[in-house]
Amino acid sequence: MNPYLPHLAVIQEVIPETASQDVKTFRVAFAEPEVRDGFRYEPGQFAEVSVIGVGEAPISITSSPTQEGYLEFAVKRAGVMTTAMHHARPGDYLGIRGPYGNHFPYREMEGKDVVFIAGGIGLAPLRSLITFVLDPANRDRYGAVSIIYGARSPGDLVFKWELERWRQRDDLALEVTVDRGDASWQGRVGFVPQVLRELAPRPENAVTVTCGPPVMIKFVLQDLEKLGFTPDQVITTLEMRMKCGIGKCGRCNIGSRYVCQDGPVFSYEQLRQMPAEY
Amino acid sequence: MTANLRETAARLLAEGTVQLVLGWERGTLPLRTTPLFAREPGDAERLVYDPTCDHNLSGYLGRLKEERVALAARPCEARTLVEQVRENRIARDRVLAIGLPCSGMISRRALASRLADRVIREGRLAGDRLVVVGDGWQEEFPWVEVRDPACQGCRLPDPGIYWVAPEAPAPPEGDRFARLDARTALSPEQRREEFRQAAERCIACYACRQACPMCVCAECFADRTAPALLGPTADPSEAMLFHLVRAMHLAGRCVDCGACARACPVGVDLRHLHLALEREAAERFDHRPGVDPEARPLVGSFRPDDREEFIL
Amino acid sequence: MKERPAMAVFLTRDQLPAVLAASAERGPTWVAAGRGEDSGFIPYRPGLCLDREAGPTRRTLKEVFFPRAEVLFGYATVDGVPRLQPAEPSGQPMVVFGVRPCDARALALLDPVFEEPPHVDGLWAGRRQAATLVGLGCDRPGPACFCPAAGGDPLGEEGLDVLLVPVDGGYLVRPLTERGRAWTEPLGLPPARPEQQAAAEAVAARARERLAGSPPVDLQATLARGFEHALWDRLHERCLGCAACTYLCPTCHCFDVGDEDGRRWRRWDSCMFPAFTLHASGHNPRTTGKERMRQRLMHKFCYYPERRGRPACVGCGRCVEICPANVDLRSVLDQLKGVRA
């Protein structure tokens, strides 16, 4: 058993997301049919993605298990591996192993209103759950669904094509905001927490799922508390430096929890019990 | 000597002249000491000074928060302090160097070798004599017999940075480079093989770098991850690269305190690399580290009469 | 004291070289050997220095099962398609001789990390399954030893297949497992006589007496409450931030992963290095020596015990012995006992 050996996958499509192209979405399919058919994952899980010969990085799966035959990863160019990945083109191979980690508690969320709050690339892990919840097979199990999504500028918004599709739906309230607009921007201008305060979702029978830059999370958590959300009604997903993804390399722990195994999804209730070392 | 040091330290702390005195106290194993960060006058009683005080304390100066500190300063600390002041890493008036006379340090490696690696249960210095006790044996001999080989050629020109000068003046300067001359008998191939073997032992724990008071880069090249400059293998070439680059970075700055070799947990001692570069700097550019806080940096100063026959 | 089964046999000191030579003929044999800084687990060759007066070797047993760097898989591109070649342990039976009880216990502490389902690390597990561990009890613990504090014993049996207890003239040989019996029986050694058994008990008693100053330490609950304690601000003050304590720790298992020369490698890494937790974004959750030393100690004495029920330390004393600044884990633990939330 060699749990470090990835499966090969072929890039089908590369979608530039941001104006500066520092975020791209990669749609990939496993090279071997039996791997493609056998790969089962849940919304919120991640995979270890390799550019063979360069390295490996943990990346959340942004597609949903309801979308069969392929996986999607939205990747921000930051280190050596993600830079190499950004150079990849359709037809190129990646290595993928996983899925790893826990997942969003989508069963416990059934029957409830769901508020998604995301900033920047933080929409990527939430998108898996959003797509899952909006799938015709699942949509009836959830109450009202709303999404508050913000980025620094219009050019920094990711999944614009997806946002457009979401906007067409009448079973979903979507609010998109940017910190700073530009000449062409017709939408909201303002920080995510401001929009959250203005919309003031009701905490009764609701759950929020949030992911974004630390400073956004900090204020979102404060505002949710003021709105009456209890820590167990707030779900987030973390990122930490990881290597193995399977609890052996020892670097992604927060207190006694390994983000790769016990996370990356945590409730704010859980986070409050953990050392603030992330 | 210890008594004077304690008295000075207690006074400086009581008066509030300094907020911290950096010295040594008895360690937890025989013949070991450990750095002491004395903040209360009462702490000064724990200070000790003898040939087992082998940590270069100056390395800690850069991380201290205190406004003003006193430093128990053997010549090694003083020379390091000169370099730190010269490189504007430490404000000179922030550190009061309490000069201590030094006739070398006990080398734990030399001691282990003399005792054929028998386990030492107890050890003490009685004047110039070292008494070591093991399971069912005891030996006593002059401690200089296990003096660090590098201390033997160390004769320090007064660095002129003391706040209190050492009680005993430094002995006349010896031949610092005699250790290198002994190596000229080795062929380049032999030296390379010796270096390769050292690199093979190296476990890349970087104790040498961390113990070095002049390894001060905010991010060491060896720690770079984007891109990683050292590879993920355990090939000796990785360690060779690390130690060579470290030596080059320390050229003209290394004061030959030996902290690197003493820190190594697996017995790697590459001080000759540093010493060879020190000799180059001395012979070619008349550059001597650790003496003059006003001196220009070796790599970063130019004189019209610099020898430059190596520039093609 | 456990009742000793009557099957203990006796090996005289002068028989030892022949026993090792015979073992090396049957398969790879590692021996705890060498002096001082040079000592470690070395592939057997005739004439190796086996004298260990006290304490463990400088290098640890974990290196045999988890080398400083090893290949996870090889890769090559054939006709534009990457081909991956996973590394496999040979599986050839091997013997490790002269294992101190602390080092054997360390493997038992690492087993659940590497072998916990569903992600069984075959490289580790394969070597473990192939190894017979022949232990050498500590008749004279070293000056830095503190195994009882970590729940160990100078003649502890956990993780070992055979335990040799050094007594006058030789070793009392106690097979502890099926594999241990398979190693011992072909030697054809005579049963230990009652006085040899008694001598072994006396050796154990003397060794335990020597370690009486290190009673068991249980810091889990204390540390769990004390993450923000002011003690952490001073505890790391002398620490130089090198990885000597972690690389020479028999229970530290952190590693990095990287690609080079057509292979993906894993190599030891240390929580004491700043880059250990550095995100590609530049964010770092543990920016100073305080956080890093706290992580090392919390992992061993709080987090690991929380997950697995006992501390990730075996009291071998290597970190005590090698710390360049003489930061002594034993005194650190004493100070941590005083932590109150």
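A.B. asks: Can you help me understand the overall build of chain B in this one?
C.D. replies: A count of helical and extended segments in chain B gives ten helices and eight strands. Rg of the C-alpha trace for chain B: 20 Å, near the compact-globule value of 20 Å for 312 residues, within the 12% margin. Across its three principal axes, chain B shows a C-alpha extent of roughly 60 × 50 × 45 Å. Buried positions account for 41% of the 312 residues belonging to chain B.

A.B. asks: Got a minute to help me understand the overall build of chain A in this structure?
C.D. replies: Secondary structure assignment for chain A yields seven helices and 15 strands. Expected size for 278 residues packed as a compact globule is a radius of gyration near 19 Å; at 18 Å, chain A falls within 12% of this value. Out of the 278 residues belonging to chain A, those deemed buried represent 50%. Long-range contacts, defined here as pairs at least 24 residues apart, represent 70% of the contacts in chain A between residues at least 6 apart.

A.B. asks: What is the right way to look at the interface of chain B and chain C in this model?
C.D. replies: Interfaces are frequently sized by the accessible area removed from exposure as the parts join. On the chain C side, the residues contacting the 35 residues of chain B number 39 residues. Counting only elements with at least two residues in the side of chain B that touches chain C, the list comes to β2 (33-38), α7 (207-211) and α9 (259-263) of chain B. The leading source of residues in the side of chain B that touches chain C is β2 of chain B, at four residues. Taken together, the residues that form the side of chain B that touches chain C break down as 18 nonpolar, ten polar and seven charged.

A.B. asks: Mind showing me how you'd approach the sheet that holds strand β11 (residues 263-268) of chain C here?
C.D. replies: Strand pairing in a sheet relies on backbone hydrogen bonds. The paired strands run either parallel or antiparallel. Residues and elements named next belong to chain C. Spatially, four strands are ordered β5-β4-β11-β10 in an open sheet, and the strand pairing comes out antiparallel. Looking along the sheet, the strands with just one partner apiece sit at the ends: β5 (81-86) and β10 (255-260). Direction aside, the axes of adjacent strands within the sheet are offset by 25° on average. Judged from the five bridges that link them, strand β4 (residues 69-78) and β11 form a sheet pairing that is antiparallel.

A.B. asks: Would you mind showing me how to read helix α6 (residues 194-210) of chain C here?
C.D. replies: Each α-helix turn comprises 3.6 residues. Residues three or four places apart therefore point the same way. Residues and elements named next belong to chain C. Across its 17 residues, α6 extends 25 Å between first and last C-alpha, which sits within 8% of the 24 Å expected from 1.5 Å per residue. Residues Q196, A200, V203 and A207 constitute the buried set of α6. Seen end-on, α6 carries its buried residues on one side only, within an arc spanning 55°. Across from the buried face of α6, at angles greater than 90 degrees, the exposed residues are P194, E195, A202, A205 and E209. Of the surrounding secondary structure, the elements contacted by the buried residues of α6 are β1 (9-12), β8 (162-167) and β9 (170-175).

A.B. asks: Just to check I follow, could you spell out the pairing of strand β12 (residues 234-237) of chain A for this structure?
C.D. replies: Moving residue by residue along a regular strand, the side chains alternate between the two faces of the sheet. Residue and element names in this part refer to chain A. Here β12 shows a buried face lined by V234 and T236 and a second buried face lined by I235 and T237. For strand β11 (residues 206-211) and β12, the ladder comprises three bridges, and the chain directions are parallel. Among the inter-strand pairings, T210 is bridged to a residue of β12, identified as T236. In the classification by handedness, the crossover that spans β11, the intervening helix α6 (residues 214-226) and the parallel β12 is right-handed. Where β12 and strand β15 (residues 265-267) come together, three bridges link them in antiparallel fashion. The residue bridging I235 from the neighbouring strand is S267, located in β15.

A.B. asks: How do you make sense of the nonpolar core when you look at a structure like this?
C.D. replies: A general trend in soluble globular proteins is that nonpolar side chains are found buried together. Among the nonpolar cores identified, the biggest contains 200 residues, and A207 of chain B together with V96 and A244 of chain C are the most heavily contacted of them. A244 of chain C has contacts with C205, A207 and P265 of chain B together with I322, C323 and P324 of chain C, leaving out every residue within four places of it along the chain. C53, V69, A97 and V291 of chain B belong to the second largest nonpolar core, which has 36 residues in total.

A.B. asks: What should I look at first to understand the sheet that holds β8 of chain C in this one?
C.D. replies: Residues and elements named next belong to chain C. Taken in spatial order, the seven strands make up an open sheet running β1-β9-β8-β7-β6-β2-β3, and their pairing is mixed. Looking at strand neighbours, the two that pair on one side only are β1 and β3 (40-43), the edges of this open sheet. For this sheet the average axis-to-axis angle between neighbouring strands, irrespective of direction, equals 25°. Summarising the sheet, β1 and β9 pair through four bridges and their orientation is antiparallel. By the bridge assignment for β9, T12 is matched with G170. The strands that α6 touches are β1, β8 and β9; relative to β8, the one it contacts most, it runs at about 90°.

A.B. asks: In this structure, what is going on with the packing of helix α6 (residues 188-201) of chain B against helix α8 (residues 236-250) of chain B? I would like to understand it.
C.D. replies: Each pair of packed helices can be summarised by the angle the axes make with each other and by the distance between the axes. All names here are of chain B. The contact between α6 and α8 brings their axes to 8 Å, and the two run at 105°. Between α6 and α8, the crossing angle belongs to the class labelled roughly perpendicular. For the pair α6 and α8, contact is made by F195, R196, A199 and E200 and by P236, A239, M240 and H243, respectively. Of the residues that constitute the contact of α6 with α8, the class distribution is five nonpolar, one polar and two charged.

A.B. asks: Honestly, helix α2 (residues 75-86) of chain B in this entry has me stumped. Any pointers?
C.D. replies: Residue and element names in this part refer to chain B. A rise of 1.5 Å per residue sets the reference length of α2, with its twelve residues, at 16 Å; its end C-alpha atoms lie 16 Å apart and thus fit the reference within 8%. Taken across its twelve residues, α2 has twelve buried, putting it largely inside the fold. Within α2 the residues assigned to the buried category are P75, C76, E77, A78, R79, T80, L81, V82, E83, Q84, V85 and R86. Against β4 (69-73) and β5 (95-99) lie the buried residues of α2. Trailing α2 by a residue or two, N88 shows a phi angle of about 55°, which is positive.

Criteria and thresholds
Residues numbered from 1 in each chain as written. Chains lettered and ligands numbered in written order. Predicted model: local features only at pLDDT ≥ 70, side-chain atom pairs only at ≥ 80, totals over all residues. Helix = DSSP H or I, 4+ residues; strand = E, 2+ residues; numbered from the N terminus. Rg over C-alpha atoms; globule rule 2.2 N^0.38 Å. Buried ≥ 20, exposed ≤ 12 C-beta atoms within 10 Å, placed from the backbone. Contact = placed C-beta atoms within 7 Å. Nonpolar A, V, L, I, M, F, W, Y, C, P; charged D, E, K, R; others polar. Pairing = 2+ DSSP bridges. Axes fitted to C-alpha atoms, helices over the stretch in contact; angles between N-to-C directions. Expected span 1.5 Å × (residues − 1). Arc of directions from axis to C-beta. Right-handed = clockwise from strand over helix to strand, strands pointing away. Core = buried A, V, L, I, M, F, W, Y, C linked by C-beta atoms within 7 Å. Parallel < 35°, antiparallel > 145°, perpendicular 65-115°, else oblique.

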